[in-house]
Amino acid sequence: MLTRGVNVLVTGGTGLIGGELLRALIDHPIGKVWALARSRNQAGPALRIADRLSRTSSGIDPDEDHGVIPVAGDISADRLGLSAMDYDEIRNEADIIIHSAAETSFIRSDSCSRTNVAGSKHLIDFGRTCRRNPLFVYISTAFVSGVMSNKLVHEDESLRPENEHHNEYTRSKAVAEQMVRDSGLPVLIVRPSIVLSAGLSCLQFARAILWFVPLLKELDAIPVNPAGRPDVVPVSFVVDSIIGLLEQPKLKYDCYHLSASHEGSGPYSTLSEVTDRFYDRSKPLELIRPAEWTREMHRRVIRTPLQRKIFASLRNYLPFLNMSVLYDHSRLREELGSRFPALPPFQSYFAELLGVLSTDPVAGRMLNAVRA
Ligand SMILES: NC(=O)c1ccc[n+]([C@@H]2O[C@H](COP(=O)([O-])OP(=O)(O)OC[C@H]3O[C@@H](n4cnc5c(N)ncnc54)[C@H](OP(=O)(O)O)[C@@H]3O)[C@@H](O)[C@H]2O)c1
């Protein structure tokens, strides 16, 4: 599929996964690569894509000609917000559309619907008008299953838009995946689990998932099962998997978990030890099984106004941390064989990410704000 002359449209190229994907595509002798991006703070798409590429794992000099064609657009807008010229060129020439753009916030529900549902619909409609019947690669999420716990989940049992979801983000991603499946386009759906920016010294991306970790310094205990295990993968694994799948002449399935499964990380107790060591805690953070976290214990452990505010800010995250669901990746292993990408365990790069987070003035500001 990723062969000489193949033209690819990528959305979300300023983001964590999309940016690394663009970097990988640059190294391929394919045709055109368009990167649809919004303007922000007076920086247009060209500047934003160059800036993102300079922050990739093997950064590209912003002045270098990287060959990616930035196009101004917004997936939530009519006709993707593209100029008539860009719209016609991509519609006539695109062979693959890689849809990575999304609202990834757990709390901006309206924006999740607008971007992830309406935006994906716009892109699907666009794909349908394309001349070359492009392959639609949708970067979904393993969490399209909604609320589940203590399970190893396989691809075919997990798309549940109608299920209870912890937040609008995962629900909107599930709704969009269903739309992609029903689109009639040739599709490849990839479902990463939790993706971390290992290997990138970029604070913005480290903070996206791990923002709360520095705040845990202020707590003595949290209701997290010490034996629970998160399914976490480094961004390089996700990108290498997508490229590996696209390099296959033919795929056996249309959906793959890009997940750690049983191989990815140790239990929270191990991750907590790494955190204790990194922050040089005199008293280790105590992990209490949620079933044992009683009201009485909550009152005893979460005492100060600062602790109460930090605990409140964790409310959206704790259910995720405690899902303890792993996503089976045997399909990916079967498909890629000896080209299955390196999958280092989370604890091997967690301290590196804590180092990136420690340069975060926002964590300090948050603490000062809640202290005030
Ligand atoms: N990171 C994870 O743990 C993870 C796990 C599973 C699945 N995923 C999925 O993987 C994909 C990429 O995630 P990520 O972590 O790279 O996200 P990210 O870093 O938050 O990047 C999101 C990207 O989407 C773009 N975007 C948002 N709204 C847009 C709009 N209306 N029009 C055009 N572009 C828009 C953003 O552009 P701006 O820069 O202009 O905001 C940015 O480039 C998403 O679909 C996400 O659901 C991520």
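Keep in mind that what you see is a predicted model, and the values were worked out from it rather than measured.

Caption draft 1: Molecular detail of the overall build of the protein chain. In terms of helices and strands, the protein chain carries 14 helices and 13 strands. Computed over the C-alpha atoms, the radius of gyration of the protein chain is 21 Å, within 12% of the 21 Å expected from 2.2 N^0.38 for a compact globule of 372 residues. Each of the three principal axes of the protein chain carries a C-alpha extent, and together these read 65 × 45 × 40 Å. The buried share of the protein chain, taken over its 372 residues, is 40%.

Caption draft 2: Expanded view of helix α2 (residues 45-54). Looking at α2, one finds that the buried residues are Pro-45, Arg-48, Ile-49, Arg-52 and Leu-53. Seen end-on, α2 carries its buried residues on one side only, within an arc spanning 130°.

Caption draft 3: Just the site of the ligand, in detail. Residues in contact with the ligand amount to 27 residues; listed here are only the nearest, Thr-14, Gly-15, Ala-101, Ala-102 and Val-195. Among the secondary structure elements, those contributing two or more residues to the shell around the ligand are α1 (16-26), α4 (109-129) and β8 (194-196). For the shell around the ligand, the element with the most residues is α1, which contributes three residues. Each residue belonging to the shell around the ligand can be placed in one class, and the counts come to 10 nonpolar, 12 polar and five charged.

Caption draft 4: Geometry of the packing of helix α8 (residues 268-278) against helix α13 (residues 346-357). α13 packs onto α8 with a crossing angle of 30° between their chain directions and a minimal axis gap of 10 Å. With respect to α13, the element α8 is oriented roughly parallel. Regarding α8 and α13, the two cross each other, and that crossing is right-handed. Residues Thr-270, Leu-271, Val-274, Thr-275 and Phe-278 of α8 form the contact with α13, whose own contacting residues are Phe-346, Gln-347, Phe-350, Ala-351 and Leu-354.

Caption draft 5: Structural detail: the environment of Glu-168. With respect to the element layout, Glu-168 can be found in helix α5 (residues 168-181). Between the alpha carbons of Glu-168 and Gly-73 there is a distance of 24 Å; along the sequence they are 95 residues apart. Not counting the four nearest positions on each side in its chain, Glu-168 is found in contact with Ser-109, Cys-112 and Ser-113.

Caption draft 6: Main features of the nonpolar core. Residues Val-8, Val-33, Ala-35, Val-137 and Val-238 are the most contacted members of the largest nonpolar core, which totals 81 residues. The greatest single-element share of this core, amounting to seven residues, is contributed by helix α7 (residues 235-247). Once residues lying within four places of it in the same chain are set aside, the contact partners of Val-137 are Ile-96, Ile-97, Ile-98, His-99, Leu-188 and Val-190.

Caption draft 7: Layout of the pairing of strand β5 (residues 135-139). Extensive coverage of β5 is indicated by the burial of five of its five residues. What you see with β5 is no split at all: Leu-135, Val-137 and Ile-139 on one side and Phe-136 and Tyr-138 on the other are buried throughout. In the sheet, strand β4 (residues 96-99) pairs with β5 via four bridges, with the strands oriented parallel. The residue of β5 that forms the bridge with Ile-97 is Phe-136. Note that the unit made of β4, α4 and β5 has a crossover that is right-handed. Where β5 meets strand β7 (residues 187-192), four bridges bridge the pair, whose relative direction is parallel. Directly across from Val-137, in β7, lies its bridge partner Leu-188.

Procedures and definitions
Residues numbered from 1 in each chain as written. Predicted model: local features only at pLDDT ≥ 70, side-chain atom pairs only at ≥ 80, totals over all residues. Helix = DSSP H or I, 4+ residues; strand = E, 2+ residues; numbered from the N terminus. Rg over C-alpha atoms; globule rule 2.2 N^0.38 Å. Buried ≥ 20, exposed ≤ 12 C-beta atoms within 10 Å, placed from the backbone. Arc of directions from axis to C-beta. Near = placed C-beta within 6 Å. Nonpolar A, V, L, I, M, F, W, Y, C, P; charged D, E, K, R; others polar. Axes fitted to C-alpha atoms, helices over the stretch in contact; angles between N-to-C directions. Parallel < 35°, antiparallel > 145°, perpendicular 65-115°, else oblique. Left-handed = near helix turned anticlockwise from the far one by under 90°. Contact = placed C-beta atoms within 7 Å. Core = buried A, V, L, I, M, F, W, Y, C linked by C-beta atoms within 7 Å. Pairing = 2+ DSSP bridges. Right-handed = clockwise from strand over helix to strand, strands pointing away.

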